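# Fold and geometry: a report
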Amino acid sequence: MGISQIEQQSISDLVGQYKPLSGGLLPLLHAIQGDLGYVPDAAVPIIAKGLNLSRAEVHGVISFYHDFKTSPVGRHTVQICRAEACQSMGSRELEAHAKQTLGLDYGETTADGAITLEPVYCLGNCACSPSVRIDNDIFARVNGDRFDDLMDGLLNEHASAERSAK
Amino acid sequence: MIFYIPQDTTALALGSEAVASALQTAGIEPIRNGSRGLFWLEPLLEVETDQGRIAFGPVSAKDIPSIIAALDVDPASHALYQGAVAEIPYLKSQQRLTYARAGLGDPVCLENYQALNGFQGLKKALEMTGQQIVDEVKDSGLRGRGGAAFPAGIKWQTVHDAGASTGADKEPCQKYIVCNADEGDSGTFADRLVMEADPYQLIEGMIIAGLAVGATQGYIYLRSEYPVAHRLLNTAIERATQANFLGDNIQDSGKQFHLEVRLGAGAYICGEETSLLESLEGKRGMVRAKPPLPAIEGLFGKPTVVNNVLTLVAVSSILEQGAATYQNFGMGRSRGTLAIQLAGNIKRGGLIELAFGVTLREIVEDYGQGTYSGRPLRAIQVGGPLGAFLPESQWDTPMDYEAFAAIKAMIGHGGIVVFDDGADMAAQARFAMEFCVVESCGKCTPCRIGSVRGVEVIDRIVANENRDNNLILLHELCDTMEFGSLCAMGGMTPYPVRSALSHFPEDFLIQDATGAGQDAALASSQNVTGSLSGDAAGAAQGEN
Ligand SMILES: Cc1cc2nc3c(=O)[nH]c(=O)nc-3n(C[C@H](O)[C@H](O)[C@H](O)COP(=O)(O)O)c2cc1C
Ligand code: SF4
Ligand code: FES
């Protein structure tokens, strides 16, 4: 997927900014993803050139880590904890419920671009499982109903934003 | 009256932000403290009154008006009243060293930290030689809290001595202190809690480590799943730098130490120390073969201390209170206190800091009060995803590294995950293999491919396809992974699998209509138990 001139420029700027940092590739990738929501393929050669790495090396790092996305994601990322403590409290059912109600598998985004569904392995909230993370907020004791409420909140927020834009 | 409402991840996840807003609406500006770790009571509202500091919990925003009304008349009359905070038995019975300050005040308030004996350990360390600090840590008996339980003082000695032979004329050898804050194990949150409730204590421990071994740069490798800890750590580092506890001339001592937080990117294996170092260098988190030890060739090839958050934090109190005080807690070779994290299907989950030696049953029954669901307890997994599932017959094992190794289990980072009788242990065994598929770094075949095969074989066993042969196959596969893997990811994934098979064989029979396979499966699983070999837990984790 192509990216705009502006996006290209912002990637170049970030590369310049992170270049002096020792071992700065991960912080750089986080910064690019923070800006654009993902790390576009077109960023790879810019990063490689700037950090004096091969494209293969940069690509290898991006693909190694679960966090880095190579295609655009939804406005909100919803992560469901799949790890053991959450399993003991019913996260398998929650996971099935989420996939079914959103009509998504992990890694997919709703058609309106609102929500991307992701798995996560532990959010450190294991005493009050099941846990869900939405962007930078973590939620405890999430059952199916609570999940639906949270999703309604995200979808409504989008709908009202659209209304006020009109 | 002063009101406190925590800004800890779990408290926030249970709605503490809404409680704070409700207080503000009522004209009260609460202090956003850290959590005490009594997560079953979160959001826990604390109020400093004429009669001392009292608590209400778990509160939600709608309870605020009635609590405020009750405070004017008789606080104890409120249904959520918990009495004096310090007298809550769950807290009072603990032996808190590391978490002594947790929840008392605003975690990033530097004045508060200093008023509560903060930086006293550092003050002493600044007047000692590096060797004296290393000796103090050795004398304390402190063992690494990240899982492998390697003596911290011995690791520090290696880094202290490394690079010394380069001669007096040369520049001092660059060394690093790396804090392992990757805390990937399910059921663990001790690192998170201390980083969110008392971040200066970690900063202090890392500065002391730097002074001890002669390192001037530190990194905290923090998992990206911890956004709250990330924010609080960055604030704390900024303020500590402004107050001259970090930087080029710490408290005008002429000593320097710089500290930076680096975020992981969602890879469990990056908690393994060599993978972590690769990641910090900006590479794929591929595990390195050892030797060379990180203590000799670590970050960017330089001598590096890699320690868990809790190990480094403990150093602050060891320096402050003396090695002897710390060493007085514990049993056998497990000295000091252990941060036990009670999680999963449990009524009263939370952080329980106690001297080593308490039994699993005491933790789960006395502190935990049984399952959250109210159903019977069935299995307990200790030590994260690579830890064994323990049946009731093993719950009287004391929390002690050696006692756990003796039953082929491990304390690891101290996480306890409780399952009720609804747990399907075959599904749990399958998940252990699946997790290894997802998180393997890919360097060795037994781990990378073996785990994929493991999932398939367990599926066939449960589907009653050629069960007896597949049980033997699974058993052999576990052997291959255990002995043919470079690190504990592949090497210990067999532990939860085998323990599920040997202690809960009935769960692997669910779809067996004839009943004929049952005896064979049971017999075969006994073979598996019998062949659980030696101290591979120690071998696989003996990585320092
Ligand atoms: C697969 C794997 C995952 C690990 N994850 C962690 C972790 O999340 N946090 C941690 O402190 N140690 C972890 N360790 C242990 C580290 O390799 C290392 O022993 C530890 O950071 C040393 O610090 P300590 O001596 O203070 O415990 C892990 C080890 C393995 C094999
Ligand atoms: S055992 Fe697994 S995680 Fe460990 S080095 Fe081998 S492939 Fe990597
Ligand atoms: S296992 Fe889900 S939050 Fe830890």
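The structure this text deals with has already been given above.
Note that the structure is predicted; figures quoted are calculated from it, not measured.

## Let's talk about the sheet that holds strand 13 (residues 377-382) of chain B
Residue and element names in this part refer to chain B.
- The five strands lie next to each other as 12-11-15-13-14, forming an open sheet whose pairing is mixed. Looking at which strands have only one partner, the edges of the open sheet turn out to be strand 12 (350-355) and strand 14 (389-390).
- Relative to strand 15 (residues 415-420), strand 13 runs antiparallel, the two sharing five bridges. When the bridges of strand 15 are listed, A379 appears paired with F419.

## What about the interface of chain B and chain A?
- Contacts between chain B and chain A engage 58 residues on the former and 39 residues on the latter.
- Between chain B and chain A lies a buried interface of about 3,700 Å² when both sides are counted; carbon and sulfur atoms form 57% of it.
- Of all residues in chain B, A265(B), R284(B) and F431(B) give up the largest surface area on contact with chain A, accounting jointly for 15% of the area buried on that side.
- Notably, a salt bridge pairs R82(A) with E434(B), separated by 3.0 Å at the nearest N-O pair.
- For the pair chain B and chain A, the interface holds 29 residue pairs in polar contact (both at pLDDT 80 or more).
- For the side of chain B that touches chain A, the secondary structure elements donating two or more residues are helix 1 (9-13), strand 6 (217-222), strand 7 (258-263), helix 12 (273-280), strand 11 (337-344), strand 15 and helix 17 (425-439) of chain B.
- Broken down by element, the residue count for the side of chain B that touches chain A peaks at seven residues, all from helix 17 of chain B.

## Looking at the site of ligand 2
- Inspection of the region around ligand 2 gives 13 residues, with C441(B), K443(B), C444(B), C447(B) and C487(B) positioned closest.
- Within the shell around ligand 2, the residues separate by chemical class into eight nonpolar, four polar and one charged.

## Some remarks on the nonpolar core
- Core analysis: the largest hydrophobic core is formed by 160 residues, its most contacted members being I47(A), Y65(A), W156(B), M195(B), L202(B) and I220(B).
- In terms of residue count, helix 10 (residues 199-213) of chain B provides more of this core than any other element does, ten residues in total.
- Aside from chain neighbours lying at most four places away, what touches I220(B) is C179(B), A181(B), L202(B), M206(B), L233(B), I237(B), L259(B), E260(B), V261(B) and R262(B).
- Core analysis: the second largest hydrophobic core is formed by 34 residues, L38(B), L91(B), L342(B) and I411(B) among them.

## What to know about the environment of G124(A)
All names here are of chain A.
- The topology assignment puts G124 in the loop between strand 2 (115-120) and strand 3 (132-134).
- Overall, the relative accessible area of 0% leaves G124 in the buried class.
- Distance in space between the C-alpha atoms of G124 and A85 is 9.8 Å, their sequence separation being 39 residues.

## Topic: unusual backbone geometry
- With omega at -5°, the peptide bond leading from S129(A) into P130(A) counts as cis.
- Of note, the amide linkage connecting E42(B) to P43(B) takes the cis form, showing an omega dihedral of -10°.
- With respect to the helices and strands, the residue P43(B) is situated in the loop between helix 2 (16-25) and strand 2 (45-49).
- For N52(A), which is not a glycine, the phi torsion comes out positive at approximately 60°.
- Take N52(A): it is sitting in the loop between helix 3 (43-51) and helix 4 (55-64).
- A positive phi angle is found at Q369(B), which is not glycine, with a value near 60°.
- Looking at the secondary structure, you find Q369(B) in the loop between helix 15 (360-367) and strand 13.
- Overall, the relative accessible area of 40% leaves Q369(B) in the partly exposed class.

Criteria and cut-off values
- The residue numbering used here restarts from 1 in each chain and proceeds along that chain's sequence as written.
- Chain letters and ligand numbers both follow the written order, the letters beginning at A and the numbers at 1.
- In keeping with the model being predicted, local features are shown solely for residues with a pLDDT of at least 70 and side-chain atom pairs are shown and tallied solely at 80 or more, while totals for entire chains, interfaces and linings include all residues.
- Think of the side-chain values as coming from all heavy atoms in the structure, minus any hydrogens and water.
- Paired strands, as defined in this entry, are two strands with at least two bridges between them according to DSSP.
- Secondary structure elements follow DSSP: runs of H or I of four or more residues count as helices, runs of E of two or more count as strands, with numbering from the N terminus.
- When checking whether two residues touch, look at their non-hydrogen atoms; a contact exists if any pair is within 4.5 Å.
- The quantity reported as buried area is the accessible area (1.4 Å probe) lost by two parts once they are put together, taken as the sum for both.
- A carboxyl oxygen of Asp or Glu within 4 Å of a side-chain nitrogen of Lys or Arg is what we treat as a salt bridge.
- Between N or O atoms, a polar contact is any pair within 3.5 Å; within protein, one atom must be a potential hydrogen donor and the other a potential acceptor, and residues adjacent in sequence are included only when both atoms are from side chains.
- The nearness test applies per residue and asks whether one of its heavy atoms lies within 4 Å of the molecule or strand.
- When residue character is reported, Ala, Val, Leu, Ile, Met, Phe, Trp, Tyr, Cys and Pro are called nonpolar, Asp, Glu, Lys and Arg charged, and the others, Gly included, polar.
- Definition of nonpolar core: a set of buried residues of the types Ala, Val, Leu, Ile, Met, Phe, Trp, Tyr and Cys, connected through side-chain atoms within 4.5 Å.
- Under the scheme applied here, a residue whose accessible area is under 20% of the maximum for its type counts as buried, over 50% as exposed, and between as partly exposed, the area being computed with a 1.4 Å probe on protein chains only.

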